[in-house]
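Here are the chains, one letter per residue:
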Amino acid sequence: MPTSYTDLPDSIDSPSMRRAGRELLSLALIDARNHTLHLLSLYEQAMGTATLPVERLDGVLPPIWLAGHVAWFAEWWIGRNTQRAFGIDCPSRPTRLAAIDPQADEWWNPQQGGAEGAWSRDIPDLGQTKAYLLETLESTLELLERAAETDAGLYFYRLALFHEDMRGEQLVVMAQTLGLPIGIEIAPAPPPREPLLVPAARWELGLPAQGFSFAQEQGLHEAEVPEFEIDAQPVTWSQYVEFVDDGGYDRSDLWLSEGLAWLARHAEEGRRGPRHVEQIGVERHGTGGSVLQHRFGRTVRAAGHQSAVHLSWWEADAWARWAGRRIATEVEWEIAAETASRRGFRWSDVHEWTAGTLRPWPGFRADPWSEGTPFDPVPAFGQARVLRGASLATRARLRSTRSRGFALPARDEGFYGFRTCAI
C-alpha cells in the first residue's frame, strides 16, 4: 500500500494536509483566506461593482453570502464552540459563545435562513464581509496556537481549511456559470498516451481513523480487483466530438432511461452537447473536431487534446457505451492513480465521474457539523473529489486520490470529465 497518507505533510499543498499540525495549519488557513479574499476582488473587478449582484441560476449563490458563510462556519465550529477539543466526538449542538457580530447567525447560518436567507437584501456589504473574514481568521489563529496537537484537538481547524477550499472552488465554478472573466487559464495538456494495463490487486478503499476526513471518506473497505485496462487520461474533446458527429445525442440505444429523460429536458432548450459549449462538431474547413466553449465569459476554441468538461454522468455513460467501453469505477481509478503514475497515468485536471460507485459505507452517518444543513453530502453517483491541493477550477496543484465526494448524475455546472476502462 502507498504511504502518502501515513506521512506527515511538508507543504500546505500536500493532499496529506489532513494530518497537518498547528504550524502548517496556520499557514494553510491564511493561504485559504487570502484565496477567498482574492476571489472576491476578482468578482468585484469582473462585475464592476462592490454589490456583486448575480442571477438566480442553478448552482449559484450570492458570492458575498458564500464568503461570509465561510467565515461564519469557522467561527461557529471553532471560535464559538466551547467543546471543539472533542473533535469528531463533539456533539452536533455544543454549548456556544456569542458571535463576533450579533447578527452573524441571521446572515450566514444556512439552517436559520434556509435557501432564501442567502438572497436576503439585509446581508452585509462586501466591505463588512471582508472585515468579518479577517476578524474570524485572527480569532481562529489565536485559538489554534493553544490547541492540543492531536487529531481531536485539530479536527475543526482542519475541517475549516477543507471547507474553505471547497467553497473557494464553488466561487470559481459560479464564475464560470455566470460568465465572469476571473483570469483562470487552462493548464497545458501533456502528450496523449495509450491505455494502461493494471494488474489484479487487493485494494483498501477509505481512510483510517488518523487525521481529518469527511464522514463519507471514513471506514476501510477491501476489494478484490481483477486486471483491467484504463485510459491514461480523461476523455478528450476530440474523442467526444466523434460521438457527437455520430449522432450520439440522437441514439436512444446509448442512453439509460434516466439519461433519456435528462436529455429530453435539455433538448427543449436546444442543447445538443455539454454545458457551456456553443458549437461542437466536425470543422467545415479542414480536419478534426471543433469545440467552441464559453469559458469565464469568453468564447474560445477548445483544443482537441484537452479534457472534455462540463459533462453530466449521463453524457459520460452514453459516450462510454458508444465507444464500447465503460466508465472507470472508483477503485480502478484509485489503483491506477497510486500505482500507475510512473507508467503514464495522468493526474486529472477535472473532477472525474466514476461508475456510480461512490456511495456511503454500511453504517454511514453524516458528520455532526453537516446534519440538517443544505450542504449534506448527496448519496448518489460520484466523482473523484479533490479538496486541498487542486483541480482545474482552483489551483492546479497536487491531486488527492482519496477524497470522496457525492454528486447527482445530472450535475454539469462544474468541471466534470471522465475516463474509461475496457469492457
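Residues numbered from 1 in each chain as written. Predicted model: local features only at pLDDT ≥ 70, side-chain atom pairs only at ≥ 80, totals over all residues. Heavy atoms only, no water.

## A word on the packing of helix H2 (residues 63-79) against helix H6 (residues 151-178)
Item 1. The geometry of H2 relative to H6 is characterised by a closest axis approach of 10 Å and an angle of 175 degrees between their N-to-C directions. When the axis of H2 is compared with that of H6, the two are roughly antiparallel. Contacts between H2 and H6 involve Pro 63, Leu 66, His 69, Val 70, Phe 73, Ala 74, Trp 77 and Ile 78 on the former and, on the latter, Phe 156, Tyr 157, Leu 159, Ala 160, His 163, Glu 164, Arg 167, Gln 170, Leu 171 and Met 174.
Item 2. Class assignment of the residues belonging to the contact of H2 with H6 gives a composition of 13 nonpolar, three polar and two charged. (Axes fitted to C-alpha atoms, helices over the stretch in contact; angles between N-to-C directions. Helix = DSSP H or I, 4+ residues; strand = E, 2+ residues; numbered from the N terminus. Parallel < 35°, antiparallel > 145°, perpendicular 65-115°, else oblique. Contact = heavy atoms within 4.5 Å. Nonpolar A, V, L, I, M, F, W, Y, C, P; charged D, E, K, R; others polar.)

## What about the side chain of Glu 315?
Item 1. Residue position: Glu 315 is located in helix H9 (residues 313-323).
Item 2. Apart from residues no more than four positions distant in its own chain, Glu 315 is found in contact with Tyr 240, Tyr 249, Trp 255, Trp 262, Arg 271, Gly 273, Pro 274 and His 310.

## Some remarks on helix H1 (residues 22-47)
Item 1. With 26 residues, H1 ought to run about 38 Å at 1.5 Å a step, and its terminal C-alpha atoms sit 37 Å apart, in line with that.
Item 2. Following H1 by one or two positions, Gly 48 adopts a phi angle in the positive range, close to 70 degrees. (Expected span 1.5 Å × (residues − 1).)

## Regarding a negative patch on the surface
Item 1. A contiguous patch of negative charge, built from Glu 135, Glu 138, Glu 142 and Glu 145, is present on the exposed surface.
Item 2. Structurally, the position occupied by Glu 145 is in helix H5 (residues 126-145). (Patch = residues over 30% accessible without salt bridge, like charges linked within 9 Å, V, L, I, M, F, W, Y side chains within 5 Å. Areas by Shrake-Rupley, 256 points an atom, 1.4 Å probe, with all protein chains shown as cover. Salt bridge = Lys/Arg side-chain N within 4 Å of Asp/Glu carboxyl O. Lys, Arg positive; Asp, Glu negative; His and termini not counted. Charge placed at Lys NZ, Arg CZ, Asp CG, Glu CD.)

## Brief notes about the confidence of the model for the chain
Item 1. Predicted confidence across the chain gives a mean pLDDT of 84, with 83% of residues reaching 70 or more.
Item 2. When mean pLDDT is compared element by element in the chain, H5 scores highest at 98, while strand E10 (residues 382-384) scores lowest at 42.
Item 3. Across residues 372-402 the pLDDT falls below 50, and counting only partners more than four positions away or on other chains, this stretch makes 138 contacts in the model. (pLDDT = per-residue confidence, 0-100.)

## Overview of the packing of aromatic side chains
Item 1. Within this structure, the stated rule accounts for 19 aromatic pairs.
Item 2. Where Tyr 155 meets Phe 156, the ring centres are 4.9 Å apart and the plane angle is 90 degrees; that geometry is what we call edge-to-face. Each of the two residues, Tyr 155 as well as Phe 156, counts as buried.
Item 3. Ring-pair connections join several aromatic residues into one group, and the members of that group are Tyr 240, Phe 243, Tyr 249, Trp 255, Trp 262, Trp 319, Trp 322 and Phe 418.
Item 4. Sitting above the plane of the Trp 76 ring, Arg 96 keeps its charged end 3.6 Å from the centroid.
Item 5. Between Arg 96 and the ring centre of Trp 77, over which it is positioned, the NZ or CZ distance is 4.5 Å. (Phe/Tyr/Trp six-rings, centres within 6.5 Å; stacked < 30°, edge-to-face > 60°. Buried < 20%, exposed > 50% of the residue type's maximum accessible area, 1.4 Å probe, protein only. Lys NZ or Arg CZ within 6 Å of the ring centre and 35° of its normal.)

## Details of helix H8 (residues 257-267)
Item 1. Every buried residue of H8 is accounted for by Gly 259, Trp 262, Leu 263 and His 266. Down the axis of H8, the smallest arc covering the buried residues is 100 degrees, so these residues share one side.
Item 2. On its buried face, H8 sits against H9. (Arc of directions from axis to C-beta.)

## Focus: the nonpolar core
In a soluble, globular protein the nonpolar side chains are often hidden away together inside.
Item 1. Core analysis: the largest hydrophobic core is formed by 64 residues, its most contacted members being Tyr 43, Tyr 157 and Ile 182.
Item 2. Listing elements by their share of this core, those giving two or more residues are H1, H2, helix H3 (104-108), H5 and H6.
Item 3. In terms of residue count, H6 provides more of this core than any other element does, 14 residues in total.
Item 4. Residues in contact with Ile 182, not counting those within four places in the same chain, are Leu 42, Val 172, Ala 175 and Phe 296.
Item 5. In terms of nonpolar packing, the next biggest core, distinct from the first, is built from 30 residues, Val 235, Val 241, Leu 254 and Ala 318 among them. (Core = buried A, V, L, I, M, F, W, Y, C linked by side-chain atoms within 4.5 Å.)

## Observations concerning the side chain of Asp 412
Item 1. Note that Asp 412 resides in the loop between strand E11 (404-406) and strand E12 (416-418).
Item 2. Polar side-chain contacts of Asp 412 include one of 2.8 Å to the side chain of Arg 271. (Polar contact = N/O pair within 3.5 Å; in protein donor to acceptor, adjacent residues only side chain to side chain.)

## Looking at the pattern of salt bridges
Item 1. By the definition in use, this model includes 19 salt bridges.
Item 2. Between Arg 33 and Glu 164 there is a salt bridge, with the nearest N and O atoms lying 2.8 Å from each other. Of the two residues, Arg 33 is situated in helix H1 and Glu 164 in helix H6; the sequence distance between them amounts to 131 residues. Pair check on accessibility: Arg 33 and Glu 164 agree, each one buried.
Item 3. Among the ionic pairs, Arg 411 bridges to Glu 413, the shortest N-O distance being 2.8 Å.

## Examining the packing of H1 against H6
A pair of packed helices is captured by two measures, namely the crossing angle of their axes and the spacing between those axes.
Item 1. Two elements in contact, H1 and H6, have axes separated by 10 Å at closest approach and are oriented at 20 degrees. Taken together, the axis directions place H1 and H6 in an arrangement best described as roughly parallel. Here H1 runs over H6; the crossing is left-handed.
Item 2. Of the residues that constitute the contact of H1 with H6, the class distribution is 15 nonpolar, two polar and five charged. (Left-handed = near helix turned anticlockwise from the far one by under 90°.)

## Section: the environment of Leu 197
Item 1. Looking at the secondary structure, you find Leu 197 in strand E1 (residues 196-198).
Item 2. Distance in space between the C-alpha atoms of Leu 197 and Ala 336 is 9.2 Å, their sequence separation being 139 residues.
Item 3. In this structure Leu 197 touches Glu 227, Phe 228, Glu 229 and Arg 343, once residues within four positions along its chain are discounted.

## Focus on unusual backbone geometry
Item 1. Positioned with a positive phi, His 276 is a non-glycine residue whose angle comes to about 70 degrees.
Item 2. Tracing the chain through its elements places His 276 in the loop between H8 and strand E5 (277-282).
Item 3. For His 276, a relative accessible area of 14% corresponds to the buried category.

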